[in-house]
Amino acid sequence: MADDLLTIADRTFSSRLIMGTGGAPSLEVLEQALRTSGTELTTVAMRRINPAARGSVLEVLQRCGIGVLPNTAGCFTAGEAVLTARLSREALGTNWVKLEVIADERTLLPDPIELLDAAETLVDDGFVVLPYTNDDPVLARKLEDVGCAAVMPLGSPIGSGLGIRNPHNFQLIVERANVPVILDAGAGTASDVALAMELGCAAVMLATAVTRAQEPALMAEAMRKAVEAGRLAHRAGRIPKRFHAEASSPMEGRASFDPEAPAF
Amino acid sequence: MTAAATIRLTVNGEARSLPGGVTLAEVVTGLSAAPSGVAAAVNEAVVPRSQWDATVLADADRVEILTAVQGG
């Protein structure tokens, strides 16, 4: 929406949906899904070059006019993540990085100590750092304090599709943050994304929910609309939740009938 | 003799025997003709593309050559 831009560091985006590229069955399916999603920023991973590879995700992004956001997926230590980020900057000519430092392969949860260490180093090195973090309000605050341009708390484990397990933590993070809060990981379907936006997230990042859906392009459209709907609902200001009903029709001016008549 | 001696490198995790004096640029070109989107590290230090030609590899060097793939 032209009057409601997302600003991260020095860039603005009209789409609040950041896409990943992992899990798509082919580059053709990926391209169709990315186009339908309306995304303007999409992640890639850095891996050893494969001389036999045909086609490239970079060509897809270039063709679609989508900005590339390298990540440090697969890094377990701050050192690995910093080196990977520096390589991505060299390879792709961007100082933006989605910083991931995971603790173990079973949960893929962030290692908060290594993450904070890497974030601080990369910020000092001139990077625009978008860290994948736990849904921990204290850690989110500390990442912001060391200069991260956004914080990207997980709703639930990567690829789990379990949605936002702790909406209250998201509210606490959003309430204190002075940088964009971006749901990262856990979205399974459109309602998860709408909830994130309703809670005040500035954007949503997802991959698996689209790339592994039975119809990726259709789910990409659903996610685009869910982001927009959730954002509008957040801006509109929802009604408070009540324990009891509150009539929406006036009680005044009702006709006076014999409650037993007419018979039916 | 020393210039022609074979050196043993690790390139993307694979042991390689190459002629002494081989440069990083030559090793990268052997794997990829891509003019961009590729970065290289030697022994955990990034070597900018502008220095690949001038970077002569030494015996036991560990070379990593990366590019962007689907992920995240």
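Everything in this summary refers to the structure shown in the same document. (Residues numbered from 1 in each chain as written. Chains lettered and ligands numbered in written order. Predicted model: local features only at pLDDT ≥ 70, side-chain atom pairs only at ≥ 80, totals over all residues. Heavy atoms only, no water.)

Now for the layout of surface pockets. Its boundaries defined by the atoms lining it, the largest pocket holds a volume of some 720 Å³. If you trace the largest pocket, you find 29 residues lining it, with S56, L58 and E59 of chain A together with T67 and A68 of chain B closest to the centre. Contributions of two or more residues to the lining of the largest pocket are made by α2 (57-64) and α3 (78-92) of chain A together with β5 (62-70) of chain B. Considering every element that reaches the lining of the largest pocket, the biggest residue donor is α2 of chain A, with 5 residues. Looking at the lining of the largest pocket residue by residue, the class counts come to 17 nonpolar, 9 polar and 3 charged. Roughly 600 Å³ of volume is contained in the second largest pocket. In terms of lining, the second largest pocket is formed by 30 residues, of which the most central are L108, I158, G159 and T208 of chain A together with G72 of chain B. Among the elements of the structure, β4 (41-48), β10 (203-206) and α8 (208-211) of chain A are those that each provide at least two residues to the lining of the second largest pocket. For the lining of the second largest pocket, the residue count by class is 13 nonpolar, 11 polar and 6 charged. (1 Å grid on protein atoms, 1.4 Å probe; cavity = no way out; pocket = protein on both sides within 12 Å on 5 of 7 lines; lining within 4 Å. Points joined across faces, edges and corners; volume = space filled by probe spheres on them. Helix = DSSP H or I, 4+ residues; strand = E, 2+ residues; numbered from the N terminus. Nonpolar A, V, L, I, M, F, W, Y, C, P; charged D, E, K, R; others polar.)

Take empty space enclosed by the protein next. Residues and elements named next belong to chain A. In total, this model carries 1 cavity of 30 Å³ or more according to the counting rule given. Of the volumes computed, that of the largest cavity is approximately 30 Å³. Taken together, L6, F13, S15, L17, I18, T39, E40 and L41 make up the full set of residues lining the largest cavity. Of the residues assigned to the lining of the largest cavity, the class counts are 5 nonpolar, 2 polar and 1 charged.

Between chain B and chain A, the residue contacts involve 23 residues of the former and 25 residues of the latter. Broken down residue by residue, the surface that chain B buries against chain A is led by L66, Q70 and G72 of chain B, which jointly contribute 29%. Applying the counting criterion to the chain B and chain A interface returns 1 salt bridge. Among the ionic pairs, E64 of chain B bridges to R48 of chain A, the shortest N-O distance being 2.7 Å. Taken together, the connections running from chain B to chain A amount to 12 residue pairs in polar contact (both at pLDDT 80 or more). Elements represented by at least two residues in the side of chain B that touches chain A include exactly β3 (38-42), β4 (45-47) and β5 of chain B. Take the side of chain B that touches chain A: its biggest share by element is 7 residues, from β5 of chain B. The residue makeup of the side of chain B that touches chain A, split by class, is 12 nonpolar, 8 polar and 3 charged. Summarising the sheet, β4 of chain A and β5 of chain B pair through 5 bridges and their orientation is antiparallel. Along β5 of chain B, the bridge assignment pairs M46 of chain A with A68 of chain B. (Contact = heavy atoms within 4.5 Å. Buried area = accessible area lost by both parts, 1.4 Å probe. Salt bridge = Lys/Arg side-chain N within 4 Å of Asp/Glu carboxyl O. Polar contact = N/O pair within 3.5 Å; in protein donor to acceptor, adjacent residues only side chain to side chain. Pairing = 2+ DSSP bridges.)

Before going further, it helps to spend a moment on the sheet that holds strand β7 (residues 128-133) of chain A. Residues and elements named next belong to chain A. Across the sheet, 3 strands lie side by side as β6-β7-β8; this open sheet has parallel pairing. Looking at strand neighbours, the two that pair on one side only are β6 (96-99) and β8 (152-153), the edges of this open sheet. Looking at chain direction, β6 and β7 are connected through 4 bridges and run parallel. In the sheet register, L99 faces β7, and the bridge partner there is P131.

All names here are of chain A. Taken N-terminus to C-terminus, the directions of α3 and helix α4 (residues 112-124) make an angle of 35°; their axes are 8 Å apart at the nearest point. Our pair here, α3 against α4, has a crossing hand that is right-handed. In this structure, α3 uses A78, A81, V82, A85 and R86 to contact α4, whose residues at the interface are E114, D117, A118, T121 and L122. In terms of residue class, the contact of α3 with α4 is built from 6 nonpolar, 1 polar and 3 charged. (Axes fitted to C-alpha atoms, helices over the stretch in contact; angles between N-to-C directions. Left-handed = near helix turned anticlockwise from the far one by under 90°.)

On to the pattern of salt bridges. Residue and element names in this part refer to chain A. Evaluation of the coordinates by the stated rule reveals 13 salt bridges over all chains. Its salt-bridge partner being E31, residue R35 comes within 2.9 Å of it at the nearest N-O pair. Taken as a pair, R35 and E31 lie in helix α1 (residues 27-37) at a separation of 4 residues, close to a single helical turn. The closest approach of N and O atoms between R86 and D125, which form a salt bridge, is 2.8 Å. You can see R86 sitting in helix α3 and its partner D125 sitting in the loop between α4 and β7, a full 39 residues away along the chain.

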